[in-house]
Amino acid sequence: MAKSDYFGLSRLVSLILAIIPFTAWICGVITRFSEGKIVAGIIRIFGGWLVWILDLIFMILNGSILRLLNI
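Residues numbered from 1 in each chain as written. Predicted model: local features only at pLDDT ≥ 70, side-chain atom pairs only at ≥ 80, totals over all residues. Heavy atoms only, no water.

Asks: Looking at this structure, I do not really get the overall build of the protein chain. What am I missing?
Replies: The helix and strand inventory of the protein chain stands at three helices and zero strands. The order of helices and strands in the protein chain, counted from the N terminus, is α-α-α. Along the first, second and third principal axes, the C-alpha set of the protein chain runs to 30 × 20 × 15 Å. Expressed as a percentage of its 71 residues, the buried residues of the protein chain come to 35%. Across the protein chain, every contact between residues at least 6 apart in sequence was considered, and the portion connecting residues at least 24 apart equals 51%. Carbon and sulfur atoms make up 78% of the accessible area of the protein chain, which totals about 4300 Å². (Helix = DSSP H or I, 4+ residues; strand = E, 2+ residues; numbered from the N terminus. Buried < 20%, exposed > 50% of the residue type's maximum accessible area, 1.4 Å probe, protein only. Contact = heavy atoms within 4.5 Å. Areas by Shrake-Rupley, 256 points an atom, 1.4 Å probe, with all protein chains shown as cover.)

What follows is the structure, encoded as structure tokens:
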């Protein structure tokens, strides 16, 4: 089974989580912090609602969230 971005869950489960704005925000923040990307995690805390649509598009197209900052 192919792994996806949110905690190694399947692509379908990650897509379902990405569709719901609140869970996409929480999962995006936790994912970025778990990768050790502190600045990107902080930006997602305050601006995650703005990135939600892009995360949804990226999750549909390639199964991973938007990685705007890799810091």
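Asks: I'm lost on the packing of aromatic side chains in this one. Help?
Replies: Two descriptors summarise a pair of aromatic rings, namely the distance from one centre to the other and the angle between the planes of the rings. In this structure the tally under the stated criterion is two aromatic pairs. Geometrically, the ring pair formed by Y6 and F7 is tilted, given 6.4 Å between the ring centres and 35 degrees between the ring planes. (Phe/Tyr/Trp six-rings, centres within 6.5 Å; stacked < 30°, edge-to-face > 60°.)

Asks: Which parts of the structure should I look at to understand unusual backbone geometry?
Replies: Glycine aside, negative phi is the norm for most residues, and most peptide bonds take the trans geometry. One non-glycine residue, F7, lies in the positive phi region at around 60 degrees. Structurally, the position occupied by F7 is in the segment before α1 (11-19).

Asks: Quick question: what am I supposed to make of the nonpolar core here?
Replies: Side chains of a nonpolar character, in soluble globular proteins, are inclined to be buried together. Residues Y6, A18, A24, C27, L56, M59 and I65 constitute the largest nonpolar core, which totals seven residues. For C27, the contacting residues outside a window of four places in its chain are Y6, F7 and L17. (Core = buried A, V, L, I, M, F, W, Y, C linked by side-chain atoms within 4.5 Å.)

Asks: Help me understand the side chain of T31, please; the structure alone is not making it clear to me.
Replies: Tracing the backbone through its elements, the reader meets T31 in helix α2 (residues 21-34). Residue classification places T31 among the buried positions, given a relative accessible area of 3%. Those residues in contact with T31 that lie beyond four places of it in its chain are D5, Y6, F7, I65 and R67.

Asks: How do you make sense of the packing of α1 against α2 when you look at a structure like this?
Replies: When two helices pack together, their arrangement is given by the angle between their axes and by how far apart the axes lie. Viewed as axis vectors pointing N to C, α1 and α2 meet at an angle of 115 degrees, and their least axial separation amounts to 5 Å. By the angle between their directions, the pair α1 and α2 is classed as roughly perpendicular. Across the interface between the two elements, L17, A18 and I19 of α1 pack against P21, T23, A24 and C27 of α2. (Axes fitted to C-alpha atoms, helices over the stretch in contact; angles between N-to-C directions. Parallel < 35°, antiparallel > 145°, perpendicular 65-115°, else oblique.)

Asks: Looking at this structure, I do not really get α2. What am I missing?
Replies: A turn of α-helix holds 3.6 residues, and therefore any two residues three or four places apart point the same way. Between its first and last C-alpha, α2 extends 20 Å over 14 residues, near the 20 Å set by a 1.5 Å rise per residue. Considered for burial, the residues of α2 that qualify are A24, W25, C27, G28, V29, T31 and R32. Lining the buried residues of α2 we find α1 and α3 (38-62). (Expected span 1.5 Å × (residues − 1).)

So, to be careful, I would describe these as geometric facts and stop short of saying anything about function.
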